[in-house]
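Breakdown of the fold
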Amino acid sequence: MKKFMVIALALFLVFGAVFAAGGKEDASAAGGPVTLTWWEFPNFGDDGTFERNLIAAFEAKNPGIKVNIEMISFQDGPAKITTAIASNTAPDFTYDAPGRIIDWGNDGILASLDDIIAPEKAHLAAGPLAASKGADGKFYMYPIHSGGFMMAFNKEMLEDLGLIDMLPYKTADRTWTLKQYEDLMRALKAKLPAGKVPAVFYAKSQGGDQGTRAFMVNLYGNAPLMNENLTKYTFNSPNAVKNVQWLQKAVKEGLLMNGSALQAGDAIDMYCASNAASTILYSLQLEKINDAKINYNGKKFTSIFMPFPNDAGNPVLEFIVGGPCVFDNGNPAKIAAAKKLISFMATDPEWAPKVIAATGLFPVTDKIKIDLKNDEQKWNANAVKFFGAYYNTIPSFKEMRTYWFPAMQAALNGQDAQKTLDTFVKQSNAIK
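Now for a quick tour of the structure. (Residues numbered from 1 in each chain as written. Predicted model: local features only at pLDDT ≥ 70, side-chain atom pairs only at ≥ 80, totals over all residues. Heavy atoms only, no water.)

One pass over the full model with this rule turns up 16 salt bridges. Here Asp183 makes a salt bridge to Lys179, at a shortest N to O gap of 2.8 Å. Remark: Lys179 and Asp183 occur in helix α8 (residues 178-191); sequence separation between them is four residues, near one turn of the helix. When its relative accessible area of 53% is taken as the criterion, Lys179 is described as exposed. (Salt bridge = Lys/Arg side-chain N within 4 Å of Asp/Glu carboxyl O. Helix = DSSP H or I, 4+ residues; strand = E, 2+ residues; numbered from the N terminus. Buried < 20%, exposed > 50% of the residue type's maximum accessible area, 1.4 Å probe, protein only.)

What follows deals with helix α13 (residues 332-347). For α13, built from 16 residues, the straight-helix expectation of 22 Å at 1.5 Å per residue is met to within 8% by its first-to-last C-alpha distance of 22 Å. Listing the buried residues of α13 in full gives Ala333, Ile335, Ala337, Ala338, Lys339, Leu341, Ile342, Phe344, Met345 and Ala346. Of the residues flanking the start of α13, the one acting as N-cap is Asn331, its side-chain oxygen 3.0 Å from the backbone nitrogen of Ala333. (Expected span 1.5 Å × (residues − 1). Polar contact = N/O pair within 3.5 Å; in protein donor to acceptor, adjacent residues only side chain to side chain.)

Bringing the nonpolar core into the picture now. Counting residues in each nonpolar core, the largest one holds 87 residues, and the members touching the most others are Phe153, Tyr181, Phe215, Met216, Leu225, Phe235 and Leu256. With sequence-adjacent residues up to four places away left out, Phe235 is seen in contact with Met216, Val217, Ala223, Pro224, Leu225, Ala240, Val244, Trp404, Leu421, Phe424 and Val425. By size, the runner-up hydrophobic cluster in this structure holds 39 residues, among which are Phe50, Leu54, Ile55 and Ala333. (Core = buried A, V, L, I, M, F, W, Y, C linked by side-chain atoms within 4.5 Å. Contact = heavy atoms within 4.5 Å.)

What follows concerns the sheet that holds strand β2 (residues 65-71). Strand order in the open sheet formed by six strands is β2-β1-β3-β10-β4-β11, and the pairing between neighbours is mixed. One side of each edge strand has no neighbouring strand; the edge strands of this open sheet are β2 and β11 (362-363). With three bridges joining them, strand β1 (residues 34-40) and strand β3 (residues 93-96) adopt parallel strand pairing. Note on β3: the bridge partner recorded for Trp38 is Phe93. Along the sheet, helix α2 (residues 49-61) contacts β1 and β2; its crossing angle with β2, the most-contacted strand, is approximately 175°. (Pairing = 2+ DSSP bridges. Axes fitted to C-alpha atoms, helices over the stretch in contact; angles between N-to-C directions.)

By the definition in use, this model includes 24 aromatic pairs. Taking the centre distance of 5.2 Å and the plane angle of 80° together, the rings of Tyr271 and Phe301 count as edge-to-face. Taken together, the positions of Tyr271 in helix α11 (residues 264-272) and Phe301 in the loop between α12 (284-289) and β9 (303-306) put the pair 30 residues apart, joining distant regions of the chain. In this structure, Tyr271 and Phe301 share a single accessibility class: buried. Members of the aromatic cluster, each reached through a chain of ring pairs, are Phe153, Trp176, Tyr181, Phe201, Phe215, Trp246 and Phe308. The ring of Trp39 carries the charged tip of Lys80 above its face, separated from the ring centre by 4.9 Å. Lying across the ring of Phe41, Arg100 places its NZ or CZ 4.9 Å from the centre. (Phe/Tyr/Trp six-rings, centres within 6.5 Å; stacked < 30°, edge-to-face > 60°. Lys NZ or Arg CZ within 6 Å of the ring centre and 35° of its normal.)

Here is the structure:
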């Protein structure tokens, strides 16, 4: 009898340990205890304050999940993530744009988000939703915010110089011709104090290249980067060459500063500090990110957003879609926890609208309504009609970008426009 009791006790302890272990595994699979690593680009500001407040609210509702955040920059952040992926030390979570995210998804290093997108799919705008799919048809990014990239001008500076009436910002759609733009830039050059420039055309690196591409496909108009079905690069057409030749003349004349040694951030900093009267790359989100830098004579100035000048009367804007993704680091519990964080950001009644407000842009879901407080927000909301094709997720996009900025550097520094663009197109169309 005593021997039976010993055996029974031993079996009870063994099965008790198994059930206890199983209970822990089930709790982990359900989302806790789990620690997530979030590497964040400055989508909501560059100091991480908004993200930490969001995390605190999320952790309060999900006590079994802890989120550690590390801020990374748009300049060196992509390389840091690439290095981490190669060494199997990628973060669990990041919030970015399809250009990089879909590349990672196509490389098989992200978790599919189909399960959390499915319940919300009917409420998500078709364009951003399509941009969030990988080549296999799975969703690797949850689209949360969207908005256009465009030009901007310092309103108070133009007023002080007596040039504000040369900017056609009071018309319904604000479209304008290349001559109108040239006339304004010449007037700015003539009236600006020493050390200040009308604008900067930057080309040091691929960061912010959406601004220089959009600028260059407009101007004389009808000079698209690619053909209609996005299978071939075409930016060596006669109008494309004319556009580059115009750029070269404008730089020589001083209408645009030669920024072959400057990157996008440098040009935006010059604009925010009122050392440039305008910028060829701006958005409501970039304005929000750079809020603390905006200064004209000791005060914040008003940015007037404009489409690019286009003689064909059909300006084209590039646009951003932003949202989170989850790296598949081989831990189902972390993937499940990261998806909870995404759902919180995208659908929580209190925090989902705050996420949109923090980006300064517009919601992809029709469940969130925002109050358009001023003319600039209203114009930006309607600028969707100028959005061009979203080619950031095609297989050749990533490598094409490495050819674009050297081509622009060559053009800025006087190389023959046709030869420069022929080289760019040949290199880009050879991408496999």
